[in-house]
Protein chains: 2
Amino acid sequence: MRKGQLTKESIIEKAAPIFNKLGYAGASMSALMQATGLQKGGIYNHFKTKEDIILQSFEYAIKKYNRAVFNAYRNEKTALAKLRAIVNFYRTYPLNPVIEGGCPIINTAIDADNTLPQLKVRVKEVINTWIRNLSDIIKSGILQGEIKSSVNAHDASVVIITTLQGGIVISRSFEDNASMEIVVNKLLDYINFNLAK
Amino acid sequence: MRKGQLTKESIIEKAAPIFNKLGYAGASMSALMQATGLQKGGIYNHFKTKEDIILQSFEYAIKKYNRAVFNAYRNEKTALAKLRAIVNFYRTYPLNPVIEGGCPIINTAIDADNTLPQLKVRVKEVINTWIRNLSDIIKSGILQGEIKSSVNAHDASVVIITTLQGGIVISRSFEDNASMEIVVNKLLDYINFNLAK
């Protein structure tokens, strides 16, 4: 890999948690300079604009985040086991996020809402992909006879994702995992009593 | 009321939606000047710092928000009717928030997380108050024999609040109320089948 590419990747890697912690407007160039150990010019050698750094940092954060969730359930054999593994993944997430600062999906959903239209499109795609992934797992569970055929896979996925995302924020605001524990346990009940046959 | 006090309140009223839309770091002084029609000096006649405007705008937003939710359920007679009214209040919230820009609680929870410690304390208190309010309604429902005595009022309140808050963000990112509809209907099921006797 060329040295320039290595530097660029190192900037993204260090910028992602800064944006996730301070927000896109809140993360100043000097915060990025401090985190990367580079001068302004050194950073802008690799990116056209601050928005360019933001967009690439978001992609890096989401890739890392998706990989962590995927690793949590990839070895599970059944749809129900996969759903339980995904939900359990979040049990300690609020205080131990994949990217420092919380969940890059919900942080960016709020942060980009009225300010960064290009990022807003991307976060919507990421949420949509997660809803589709969960829906596919639920649909395969219905086909395998593990999950009730009356379950609406899309609706169940929306409920699981919104509850987990809300749980991360509420739990982080209390600076503990206690609210997340409650939410995760209730979602496991939901999987066991409302989805499982 | 003195003229100075009126101007101050008008600034807060106009600043609150700007902060809720753009975030606390994202809302520049020039955005506040444009919204209020005042010069920088005219604004700082009434506030010591930008953080001072932020803190008072948050209190204004929360007061307005709390009043709107309270009005949605205050005339209901039973605990279950109150819970249903609260949940239903959010059905169209994503596209018609009390304060332009979404829910000031979750927006501020994320925005203040690593940046505004004094505001972080306040948002935690606001969430705690909401959990306590819902818990009190559920406990009175248990006492009145409407709600199962096996229900943990705190846990049920956490689940309802996290799901609603997550729902607002996910639904806003899709720019429609569809995900919120799903979430609200599932919470009504939860109230009818898990909480009600």
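Rules and cut-offs
- Residues numbered from 1 in each chain as written.
- Chains lettered and ligands numbered in written order.
- Predicted model: local features only at pLDDT ≥ 70, side-chain atom pairs only at ≥ 80, totals over all residues.
- Contact = placed C-beta atoms within 7 Å.
- Helix = DSSP H or I, 4+ residues; strand = E, 2+ residues; numbered from the N terminus.
- Nonpolar A, V, L, I, M, F, W, Y, C, P; charged D, E, K, R; others polar.
- Least-squares fit on C-alpha atoms with pLDDT ≥ 70 in both.
- Core = buried A, V, L, I, M, F, W, Y, C linked by C-beta atoms within 7 Å.
- Buried ≥ 20, exposed ≤ 12 C-beta atoms within 10 Å, placed from the backbone.
- pLDDT = per-residue confidence, 0-100.
- Axes fitted to C-alpha atoms, helices over the stretch in contact; angles between N-to-C directions.
- Left-handed = near helix turned anticlockwise from the far one by under 90°.

### Topic: the interface of chain A and chain B
Each side of the interface is counted separately: chain A has 36 residues, and chain B has 36 residues. Elements represented by at least two residues in the side of chain A that touches chain B include exactly helix 1 (3–22), helix 6 (104–111), helix 7 (117–143), helix 8 (153–173) and helix 9 (178–195) of chain A. The greatest single-element share of the side of chain A that touches chain B, amounting to 13 residues, is contributed by helix 8 of chain A. When the residues that make up the side of chain A that touches chain B are grouped by side-chain class, the tally is 15 nonpolar, 14 polar and seven charged.

### Looking at the relation of the copies chain A and chain B
When chain A is brought onto chain B, the operation consists of a screw motion whose angular component is 180° and whose axial shift is 0.0 Å, with 0.0 Å RMSD remaining. Taken together, these values place the two copies in the relation of a two-fold axis. Both copies share a contact surface, since 100% of the interface residues of chain A are interface residues in chain B too.

### What to know about the nonpolar core
By size, the foremost hydrophobic cluster in this structure holds 116 residues, and its most contacted members are A:Ile106 and B:Ile106. Contact partners of A:Ile106, with chain neighbours within four places excluded, come to A:Gln165, A:Ile168, A:Val169, B:Ile110 and B:Val169.

### So, the confidence of the model for chain A
Interpreting fine coordinate detail is not advised for predicted regions of low pLDDT. All names here are of chain A. Averaged over chain A, the pLDDT score is 96; the fraction of residues at 70 or greater is 99%. By mean pLDDT, the top-scoring element of chain A is helix 5 (residues 79–89) (98), and the lowest-scoring one is helix 6 (95). Per the prediction output, this complex has pTM 0.96; the corresponding ipTM is 0.95.

### Some details on the packing of helix 6 (residues 104–111) of chain B against helix 7 (residues 117–143) of chain B
All names here are of chain B. Orientation of helix 6 relative to helix 7, taken along the N-to-C sense of each, is 140°, at an axis distance of 9 Å. Considering the relative orientation of helix 6 and helix 7, their crossing is left-handed. Between helix 6 and helix 7, the residues in contact are Ile105, Thr108 and Ala109 and Leu119, Val123, Val126 and Ile127, respectively. Grouping the constituent residues of the contact of helix 6 with helix 7 by class yields six nonpolar, one polar and no charged.

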